[in-house]
Every structure is written in C-alpha cells, then in structure tokens.
2 protein chains.
Amino acid sequence: MDDRPIDSRKERILRAIIDDYIQTASPVGSRTISRKYETSLSSATIRNEMSDLEELGYLAQPHVSAGRVPSVKAYRLYVDRLLEPGTVPQDPQAKAYFSQRVHQMEDVITTAAQAISEFTRYTAVVMMPKQLELRVSTLQLVPMPRGSALLVIVTDTGAIRDTVIRVSEGLDGDALYAISRMLTEHLAGRTLQDVQEMLGTYSRQMGGDAQVLQGIADLASQMARQSATDTVTVGGSHNILNYPEYSDVEKARAFLSVLEEKEKLMALLPDGRDAFTVRIGPEMGMEEMDGCSVVTASYQVGADHNGFVGVIGPTRMPYGRVLSALSAVGSALSEMLGE
Amino acid sequence: MDDRPIDSRKERILRAIIDDYIQTASPVGSRTISRKYETSLSSATIRNEMSDLEELGYLAQPHVSAGRVPSVKAYRLYVDRLLEPGTVPQDPQAKAYFSQRVHQMEDVITTAAQAISEFTRYTAVVMMPKQLELRVSTLQLVPMPRGSALLVIVTDTGAIRDTVIRVSEGLDGDALYAISRMLTEHLAGRTLQDVQEMLGTYSRQMGGDAQVLQGIADLASQMARQSATDTVTVGGSHNILNYPEYSDVEKARAFLSVLEEKEKLMALLPDGRDAFTVRIGPEMGMEEMDGCSVVTASYQVGADHNGFVGVIGPTRMPYGRVLSALSAVGSALSEMLGE
DNA sequence: TGTTAGCACTCTCGACCGTTGAGTGCTAAC
DNA sequence: GTTAGCACTCAACGGTCGAGAGTGCTAACA
C-alpha cells in the first residue's frame, strides 16, 4: 500500500467524504463535496482528487458509477487526527446523562453500559479493571443454619468474596470466631497465591478441620481466578440494528453472538493502557467484526488499576462525538470508584 | 368467536397443519396434508375441512391462493393437548447437555440460560425464585481496612448479602465481634421488615454507633427489595435471528429491546405456580411480542420457593420438544439448588 | 351424505425488460 | 492547475409476463 503523505487539500476532501459518509451511509459523489464542503472547487477538480485518493488506497468505489466510500486506511487517518493529544474534550451532556442514572453503587458498571448505549445509540461495553496480587486482609466465618458457615475473605483493596462451607455441627458462633481470629492472624497480608500454598502447612496445626481449610483454599483460588479475568458488561446490544449496515440479518446475528461469548468479546478490547483507542474493522482480526469499530476510553481506579468504557458500532461512526461521551463517562466512573 | 368443539378428524388435520407449519414456516396447502399426513383422504376433502376450520377461527389465509396458517386459537388447542397432565416427558439429552456445562455453583443460573438457548436454539430465560418473609439468622461485622467494616446478613434460607459501612476507627476485630453478637442476639429470627422497624428502638441502647445501625437498616431494606424482585437471566438472545419471522430487522430490534428491559421482560413471565405454561403471542398483551410464545417450566427450591426456566421464540415452535427440554433442565436445577 | 375429480380463478413470486439518474473518466479549453 | 462538457456505466425502480401453488365450486360417484 502506498504511504506517501497527502497534501492538505486532499486531506480536507477526504475528511469531507468521511464526514458525509458517516451521516448518510451511502457513497459520496464529487458533486456533493463540491456543493456542501468545498464550494470553491468544481466537481471536476474534486473528481481528480478523488481519483488520486482512490489510487492511494483511501477511497473505494462499490461500483463504477457510485460515489466513493472511505477505506479502513482513510478512517485510520481520520481517527489518528482526532486522537492527537489533548483533542478529546469531555461531553458534559453524556456525563450528566450518566450521573442522573446512577442510583446504587453496586451496579454502576451496568448503569454505565446502559447509559452509554442509550446516549450514543450504539452498543456499549464497560470493563472493570483486573486486580492482580490481592492480599488477604481479614478472613471470617459467619455461622449459618445446619452445620454450615459462610466464609468471607476481605482483601486489602476492599474486594470481598464469600462461599458457604460445611463445618462440624458442634461449632457455635464463638468457636467460629476463634477460628477466624487464628486464621486471620496467620494469613493476613499474604497474597491469594500464598494462601493456597500455605494451607498444607497449617492443616496440621488446625487439628483436623480440613473442611474449613479446603473451603479457604477453594475460595482463594476462585478469587484469584476471578480477579485476574476482568468483568465486562454489555449494554444496548440491540442498537446495532439501528444501522443500515446491519440490516442483513446474518451479519447482525454474527455480531450479537460475539457479544455473548465472553472470550471473543474480550479479544475485541484493547490490552494496553492508552487513554483512548480506536480499532477499526479488519484491524481486530475477527471476521464477524469486519464492518465494526471499537472505541474505548480508559478510566483509573486507585493508583494503577484501569478499566475501559467503550462503544462497538459500525465503522461509519461519529468518532469525535463517541470519544467525547466515553471520555466523560470514564472520568465520572473514576470519580465514583476512586473513593 | 365460535367455540363449538371440533370432531376428531378436524383436529387431526389441524394438528397436521400446525406440525407442518412449525417445520416449514410457510402456509400449508391441502395437497401437502393429503400426501404427507392424511394419505387416505384426497386434497379436496382436506380442502373442505380446512375451509370449515377457517370459519371456526383456527386457520387463516395470508392471501387467497396461499395455504393456511394456524391462528392463535389453533396453537392454544394444540398446546393445551400437550399440557394435559402427565404428558410432558423429560428430555434426557437436554439434562445431560446442561449438567455437563455446570462447573461452578455460583453461576448455575447463567449456565442454565446458556445451555437451554444452545440446546433449543431459542432465546432462554431463567428466573430465580422470589423469596418473601426472609428471617435474619446471623448478622456479622467483618473488619476491613481504613475504618470500614463489612456487614454480612445471613438469612434462615441461607441467602447472604453484604455491604460495606463505615465504623469508628477505634473498633478492632474483637469489638466488632462483640457488637455482632449483640446484634445477632437481638435481631435473629426477625423478618427483614421487622429489622428495619426495630432499629429506631435499639439506637438508644446501642449508645451512639448510629452508622452501624443505619448500615443495617439500609442493607435489610435492600435485601428485602431484592429478594422481592426476582432475578432473571437471559441467554442466547441472538437466536431469534435464526427464524425467518424475525428477518425483519425492525421486529428483531423490538424483540431484543424487550429482553433488555427488566420490567417488560418480567411481564412476559407467568406469575402463577403452574408446572408448565405456554403463553402465545397476543395473550401476553405486548405488541412487540405478538409473533412470539413464551414457554416455561417451574422448578422448586426448598419447600415453597419456585422459579422458572423458559424459552422465548416464534409462535411457530416445537412446543413438545421445548417443554421436554425445559422440564429436564428445571428438575436438574431443583436437584442442584435443593441441597 | 360424504368424498372426490376436474376446472376456472386468484394471487405471489421471480425473471426480464426499458428507463432514469447519479456519478465517473476523459478531453479540450481556459 | 482548473473547469465545462460529454459519452459512458451501472444500480435502482417500475412494469409486464408467465409459472406455480392453492383455492372454491360444481358435478359425479359411493
């Protein structure tokens, strides 16, 4: 592919074509550009430029007498300009829209996904940050009916997980508390990995309540596993059907299937820690998503955990608007979760 | 509408029409029935019967030279036969399919929804039972970093909920345990409603730690609220796009939107406690769902809590097969959750 | 009285056009 | 380098037509 830089007039024209195509979803002709965007140039001139742009790989023609359609390369150029440092403003309306809808902290993530999808009218994804190296802060057994107890592990970051385990019928609340104290004393400050490894050592000292130890080991490994795989929520998946590029049912089906498969979905999301990313169709290397783009903005929680808010929609997407909305919701999330 | 009973031959023909229509999704002609189902009758005879059935409201004609299509009334008759007591067998394949996929107890519900949707190739819904009148069994504060504590409430049914509350910095693990003991002593055996009401009374005795009491009140009310609204999970929503009746994108969009709105979704589910229900299109009184049916099977957890597994798909659905699959998964769920 | 063959009729669907209009590339003039 | 003009291409639209499916009706038959 030809990578010579293009002059500023070509770029202006290219941008105009993309803008128009984003609005209309149909191939853009030279006359449209000459009348709506570059009024000082005739359609013939535009035509020459468009012909050049096509040769350079920025435009494509669905068929000879249709207008031009931007290529992936064109979108790339377009969004790279948008992503130049400091050029993504926050959309205050998006922020307000989101803030109004958050009522319960427990489901901020879900709410964020819904708010983004409603606001942008695209499909939204929100990802909670991975947390590695969690350390146990407290470990406690809470009595439950019928010889069970609830094992609760709290980590230094405040993450909580619990599971029900069986214990000897004889153990009452006080006995369980005593065990909890001892366990906490031994295990506090250790990472979840450590805890799993150490349990062999302690089983002797504990004098037999292997059930409890097994429960702890299981829960610790589960927590470690869960905290290492990010949690991701999707909102407004039906929104894709708003767009003519997905009026083909087969395409829509493929799209929706990807959203329901966690693994594939994760593969769409960026793995770096860029403030913003835009991944355009084929760049993602997943056939079902060829007509799509994924736009994300990262948000910070605490010192070094970061998650993403994102939008998945057709490649023809008002990237500027979407980025601003994501930026706003992302920063709102940072504030809320940062406490 | 005419409600005279129809004779057995008419019914056989009607059933044949429905069966054929379920397979092919296209209007059924008299000749098809005469050749594939009622080989002893000529197409002309079938034609006469079909004409009668149309007059009785069981069949409709999309246009004059098309075949007949079953009406809602016809489906009703058809499924009522299927639902006659003792006529829904369990599908062992469905049970196996589901059982193989369950690994972690925490997400049985999600797994069930996925398994059902994959197995039947329809959209699945699974509902956890409502639990009213929950009584507190244990109440415990678990120390957390930085002046917080985790408040855990366990109910007699084994339901667990927790929330983070702020406590005076001075309180260590032992102090929190002492408070937990006292709280449990006072509140054990009370319903969640009681707990909320009683908190006023105890605030005096507690000598000031209003934060803790407030936390309990909040959590109790939240638990009460959550346990009163059922949790429902959807799986395989994209499956609807497999069926030609939803190749119209607008219809598909409406369908998917309903699934994403909890309230509308709940309205589709039955509120009784029947072992099986089939609700056909217009019977649900929701325009978007006119071309759909909702089939559910209930499953029991404990003495008197029951939830549902269900399938949402086009009215033209192999009800027998779907019911058997649901029945199997439902009973598997009962076993798993019954412990 | 119920069943059936035969036939005319209706209506959808797909194929096959000509027409229209948008848009292009090329040429020649400015 | 820009632009007007023109011939050319091609998708989209609309109309026509024949084929095929299916019906209702009639008349004959058991």
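Structure shown above.
Please read all numbers here as calculations on a predicted model, not as lab measurements.

Undergrad: How do you make sense of the protein's contact with DNA strand C when you look at a structure like this?
TA: Taken together, 21 residues sit near DNA strand C, with S30 and R68 of chain A together with R9, T45 and V64 of chain B positioned nearest. A share of 78% is what sugar and phosphate atoms reach among the atoms of DNA strand C within 4 Å of the protein. With respect to DNA strand C, the backbone of S65 of chain A contributes an N or O atom lying 3.2 Å from a sugar or linking oxygen. The separation between a phosphate oxygen of DNA strand C and a polar main-chain atom of S42 of chain B is 3.0 Å. Listing elements by their share of the surface near DNA strand C, those giving two or more residues are α3 (43-55) of chain A together with α3 (43-55) of chain B.

Undergrad: Would you mind going over the protein's contact with DNA strand D with me for this structure?
TA: Taken together, 21 residues lie around DNA strand D, and R9, T45 and V64 of chain A together with S30 and R68 of chain B are the ones closest in. Counting only the atoms of DNA strand D within 4 Å of the protein, the fraction contributed by sugar and phosphate is 79%. Between a base oxygen of DNA strand D and a side-chain N or O atom of S65 of chain A, the distance comes to 3.2 Å. The contact in question runs from a phosphate oxygen of DNA strand D to an N or O atom on the side chain of R68 of chain B, over 2.8 Å. Contributions of two or more residues to the surface near DNA strand D are made by α3 of chain A together with α3 of chain B. Of all the elements, α3 of chain A adds the most residues to the surface near DNA strand D, at 4 residues. Each residue belonging to the surface near DNA strand D can be placed in one class, and the counts come to 6 nonpolar, 11 polar and 4 charged.

Undergrad: Teacher, can you tell me more about the relation of the copies chain A and chain B here?
TA: Each of the two chain copies goes to the other by way of a rotation about an axis and a shift along it. Of the transformation superimposing chain A on chain B, the axial component is 0.2 Å and the angular component is 180°, with the fit at an RMSD of 0.2 Å. On this basis, the relationship between the two copies can be described by a two-fold rotation axis. Residue V249 of chain A, judged by its C-alpha, is the member of chain A lying nearest the rotation axis, at 3.5 Å. Taken as a fraction of all interface residues of chain A, those also at the interface in chain B reach 100%, which identifies the copy contact as same-surface.

How each quantity is defined
- Residues numbered from 1 in each chain as written.
- Chains lettered and ligands numbered in written order.
- Predicted model: local features only at pLDDT ≥ 70, side-chain atom pairs only at ≥ 80, totals over all residues.
- Heavy atoms only, no water.
- Near = heavy atom within 4 Å.
- Polar contact = N/O pair within 3.5 Å; in protein donor to acceptor, adjacent residues only side chain to side chain.
- Helix = DSSP H or I, 4+ residues; strand = E, 2+ residues; numbered from the N terminus.
- Nonpolar A, V, L, I, M, F, W, Y, C, P; charged D, E, K, R; others polar.
- Least-squares fit on C-alpha atoms with pLDDT ≥ 70 in both.
- Contact = heavy atoms within 4.5 Å.

Read these as geometric descriptors, not functional statements.
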